[in-house]
Every structure is written in structure tokens, then in C-alpha cells.
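Secondary and tertiary structure notes
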Amino acid sequence: HPAIYKNIIEEGHAVGNHTYNHLNGWKTDNETYLKNIDAAAAIIKSNLFRPPYGRITFKQVKALGKKTMGLKVVMWSVLSGDFDPGLSNEKCLANVIKNAGGGSVIVLHDSEKAFKKLQFVLPKLLEHFTDLGYRFDKIVLP
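Residues numbered from 1 in each chain as written. Predicted model: local features only at pLDDT ≥ 70, side-chain atom pairs only at ≥ 80, totals over all residues. Heavy atoms only, no water.

1. Points about helix H3 (residues 58–65)
Those residues of H3 lying buried are Gln 60, Ala 63 and Leu 64. All buried residues of H3 lie within an arc of 100° about the axis, which places them on one face of the element. Exposed side chains of H3 directed beyond 90 degrees from the buried face belong to Phe 58, Lys 59, Lys 62 and Gly 65. Next to the buried residues of H3 lie helix H2 (30–41), strand E1 (48–49) and strand E2 (72–73). (Buried < 20%, exposed > 50% of the residue type's maximum accessible area, 1.4 Å probe, protein only. Helix = DSSP H or I, 4+ residues; strand = E, 2+ residues; numbered from the N terminus. Arc of directions from axis to C-beta. Contact = heavy atoms within 4.5 Å.)

2. Quick notes on the side chain of Gln 60
Along the chain, Gln 60 falls in helix H3. One polar contact links the side chain of Gln 60 to the main-chain carbonyl oxygen of Gly 25, over a distance of 3.1 Å. Contact partners of Gln 60, with chain neighbours within four places excluded, come to Gly 25, Thr 28, Asp 29, Asn 30, Tyr 33 and Leu 34. (Polar contact = N/O pair within 3.5 Å; in protein donor to acceptor, adjacent residues only side chain to side chain.)

3. Observations regarding the packing of helix H4 (residues 89–99) against helix H5 (residues 115–131)
Here H4 crosses H5 at 35°, and the two axes come no closer than 9 Å. In this structure, the crossing between H4 and H5 has a hand that is right-handed. On H5, the residues touching Asn 89, Glu 90, Cys 92, Leu 93, Val 96 and Ile 97 of H4 are Lys 117, Phe 120, Val 121, Lys 124, Leu 125, His 128 and Phe 129. In terms of residue class, the contact of H4 with H5 is made up of eight nonpolar, two polar and three charged. (Axes fitted to C-alpha atoms, helices over the stretch in contact; angles between N-to-C directions. Left-handed = near helix turned anticlockwise from the far one by under 90°. Nonpolar A, V, L, I, M, F, W, Y, C, P; charged D, E, K, R; others polar.)

4. Quick word on the nonpolar core
Membership of the largest hydrophobic core is limited to nine residues, which are Leu 23, Tyr 33, Leu 34, Ile 37, Phe 49, Ile 56, Ala 63, Leu 64 and Leu 71. Of all the secondary structure elements, the ones that give two or more residues to this core are H2 and H3. For this core, the element with the most residues is H2, which contributes three residues. Setting aside residues up to four positions removed in sequence, Leu 23 forms contacts with Thr 28, Thr 32, Tyr 33, Asn 36, Pro 52 and Tyr 53. Core analysis: the next-biggest nonpolar cluster, separate from the first, contains eight residues, Leu 93, Val 96, Val 121 and Leu 125 among them. (Core = buried A, V, L, I, M, F, W, Y, C linked by side-chain atoms within 4.5 Å.)

5. Quick word on the pattern of salt bridges
Summed over all chains, the structure comprises three salt bridges. Among the salt bridges present, the one from Glu 31 reaches Lys 35, with a minimum N-O distance of 3.0 Å. In this pair, Glu 31 and Lys 35 are both assigned in helix H2, four residues apart and thus about one turn of the helix distant. Between Arg 135 and Asp 137 there is a salt bridge; the shortest N-O distance is 3.0 Å. (Salt bridge = Lys/Arg side-chain N within 4 Å of Asp/Glu carboxyl O.)

6. Concerning a nonpolar patch on the surface
Taken together, Ile 4, Ile 8 and Ile 9 make up a surface patch of nonpolar side chains, about 230 Å² in accessible area. By the element assignment, Ile 4 lies in helix H1 (residues 2–10). (Patch = residues over 30% accessible without salt bridge, like charges linked within 9 Å, V, L, I, M, F, W, Y side chains within 5 Å. Areas by Shrake-Rupley, 256 points an atom, 1.4 Å probe, with all protein chains shown as cover.)

7. A look at unusual backbone geometry
The phi dihedral of His 22 is positive, around 55°, even though this residue is not glycine. Assignment of secondary structure puts His 22 in the loop between H1 and H2. Of note in this structure, Tyr 53 is not a glycine but carries a positive phi near 65°.

8. As for the packing of H2 against H3
Here H2 crosses H3 at 40°, and the two axes come no closer than 10 Å. Regarding the angle of H2 to H3, the classification is oblique. Handedness of the H2/H3 crossing: right-handed. Where H2 abuts H3, its residues Asn 30, Tyr 33, Leu 34 and Ile 37 lie against Lys 59, Gln 60, Ala 63 and Leu 64. Among the residues making up the contact of H2 with H3, the classes are represented as five nonpolar, two polar and one charged. (Parallel < 35°, antiparallel > 145°, perpendicular 65-115°, else oblique.)

So this is what it looks like as C-alpha cells:
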């Protein structure tokens, strides 16, 4: 969705590579995994990389950091669980509030499966943490 991507960038947000086909690094050979990241990099201009499922091998991390790729791996500190159909909106919200704080990287998913939960949880999270004096910044790594 190039128009959505363009809009996200124009609004000043950061984007990151997440592989082209949402590959699990533990279950994918290095060559295939790195080629898949390259395919995504042709579309997504960023030095940030978040491995799907948080699964990536040491060799893959090392390859990403080489000058040819120059990607910085970003992991999350709070996994909301918004993708879990068995987790209620309220439990998802409580999970993030309980586990997040200054400097947290919170994973929420903008997908068809998680969208209704995202619509409920995200505004409440933003309000809660804003009321506590937190601010929300995009991730920028050198």
C-alpha cells in the first residue's frame, strides 16, 4: 500500500523492515531470510528491523549489522497480545498498562485479526500514559 506508506512517512513516523513474508528466523535458513529482508528493503526505506515473532538467530543479527545491510534490530519490551482472539480487550489493555513504562517498546498489530482490539486498546493506552506524563517518540537509531 504505497499511499499509506507515503502518508506514514509524511506524518513523521518511523517505519521498519519486518521481512517481506513475515518469516520466522528460527525456522528459515539464513540465505532465504536475508533475501526476504532485502525484498522488503526495496520498498521500506529504514535502518530498523523487527524480526517477526521476535525470532532471529545470532548469525542473522550479525548479517543485518554488516555495512551492506546496516539494519538495527529492534525488539519489543511489551507484547500486547492483541493478536490473541482468546484475550479480551480489557485484559490486553491491562497487560500493557501493567508491563509498560518509560522506554518501553510496545507491540500492537494493525491487522484485520487484531484491528478491533487495537481500536479499543490504543486510544486508552495513549490517554493513560499521557495522563502519567509520558510522551511517545518514534524510534531513531544511528
